[in-house]
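Structure at a glance
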Amino acid sequence: MNIAVLTISDTRTTANDTSGDYLVTAMQESHHVVPARKIVRDDVYAIRATISEWICDDLIDAIVTTGGTGFGGRDSTPDAITPLFDKQIEGFGELFRFLSFSDIGTSTIQSRAVAGVANGTFIFALPGSTGACRLAWEQILVEQFEASFSPCNFAELVSKLKPTTG
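In this report, we go over the structure that sits alongside the text.

Definitions and limits used
Residues numbered from 1 in each chain as written. Predicted model: local features only at pLDDT ≥ 70, side-chain atom pairs only at ≥ 80, totals over all residues. Heavy atoms only, no water. Pairing = 2+ DSSP bridges. Helix = DSSP H or I, 4+ residues; strand = E, 2+ residues; numbered from the N terminus. Contact = heavy atoms within 4.5 Å. Axes fitted to C-alpha atoms, helices over the stretch in contact; angles between N-to-C directions. Phe/Tyr/Trp six-rings, centres within 6.5 Å; stacked < 30°, edge-to-face > 60°. Buried < 20%, exposed > 50% of the residue type's maximum accessible area, 1.4 Å probe, protein only. Core = buried A, V, L, I, M, F, W, Y, C linked by side-chain atoms within 4.5 Å.

Pairing within the open sheet is mixed, and its six strands lie in the order 2-1-3-6-5-4. Here the strands that pair on one side only, and so sit at the sheet edges, are strand 2 (37-40) and strand 4 (87-88). Sheet topology note: the strand 1 (residues 3-8)/strand 3 (residues 62-66) ladder contains five bridges and is parallel. Opposite L6, over in strand 3, you have T65 as the bridge partner. Packed on one face of the sheet, helix 4 (residues 90-104) meets strand 4, strand 5 (114-118) and strand 6 (121-126) and runs near 30° to strand 6.

See the structure below:
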């Protein structure tokens, strides 16, 4: 799969984006292609602009964002992306928080991790910590992005969800 990585932060740079670095490395080690990577400020319109551009790109099957999913004053990732969803993947946030409970206890209720599909492109919004990205990748996404994972996976749905042109 072709998976784009978007880091959402007012403080991260290419020099200290450990979560984005982890995701790119993990994706490539799992034989996925990362056709785009970007860091944007935690601003609803900056986030939507990048996501909107990427969901129109036929070379991008999925987008994984990191950052901006908490309750801080500038945390706006879910607010920016959920209006773009054609379908929401409710189980993703539920499963993420369930798995996260063993790591961070009840603090997991402050996570607004969400996922959905927009224009045939899967979008997953993860918290900004490298640990949260590792948990989401290793315990959820790596299997769902693998075409051979049974009984079902997101990889097999990509071609079915992409709009046809012409």
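All told, the structure shown has seven aromatic pairs when counted by the stated rule. Taking 6.4 Å as the distance between ring centres and 15° as the angle between the ring planes, the aromatic pair formed by F122 and F124 counts as stacked. Of the residues examined, F124 reaches a relative accessible area of 0% and is grouped as buried. A centroid spacing of 5.7 Å and a plane angle of 50° characterise the contact between F124 and F154, whose relative ring orientation is tilted. Taken together, the residues F124 in strand 6 and F154 in the loop between helix 5 (130-144) and helix 6 (158-161) connect sequence positions 30 residues apart.

Cis geometry is found at the peptide bond from S150 to P151, where omega equals 10°. Within the secondary structure, P151 is located in the loop between helix 5 and helix 6. Here H31, not a glycine, exhibits a phi torsion of approximately 70°, which is positive. Within the secondary structure, H31 is located in the loop between helix 1 (18-29) and strand 2. Of note, N119 is a non-glycine position whose phi angle comes to about 55°, a positive value. For N119, the location among the structural elements is in the loop between strand 5 and strand 6. Given a relative accessible area of 31%, N119 falls into the partly exposed group.

One finds V64, F92, F124 and F145 to be the most contacted residues of the largest nonpolar core, which totals 32 residues. For this core, the secondary structure elements donating two or more residues are strand 1, helix 1, strand 3, helix 4, strand 5, strand 6 and helix 5. With seven residues, helix 5 is the largest single contributor of residues to this core. Ignoring any residue separated from it by four or fewer positions in sequence, one finds V64 in contact with I3, A4, V5, L6, L23, M27, F124, L126, L141 and F145. A4, I47, I81 and I123 belong to the second-largest nonpolar core, a separate cluster that totals 19 residues.

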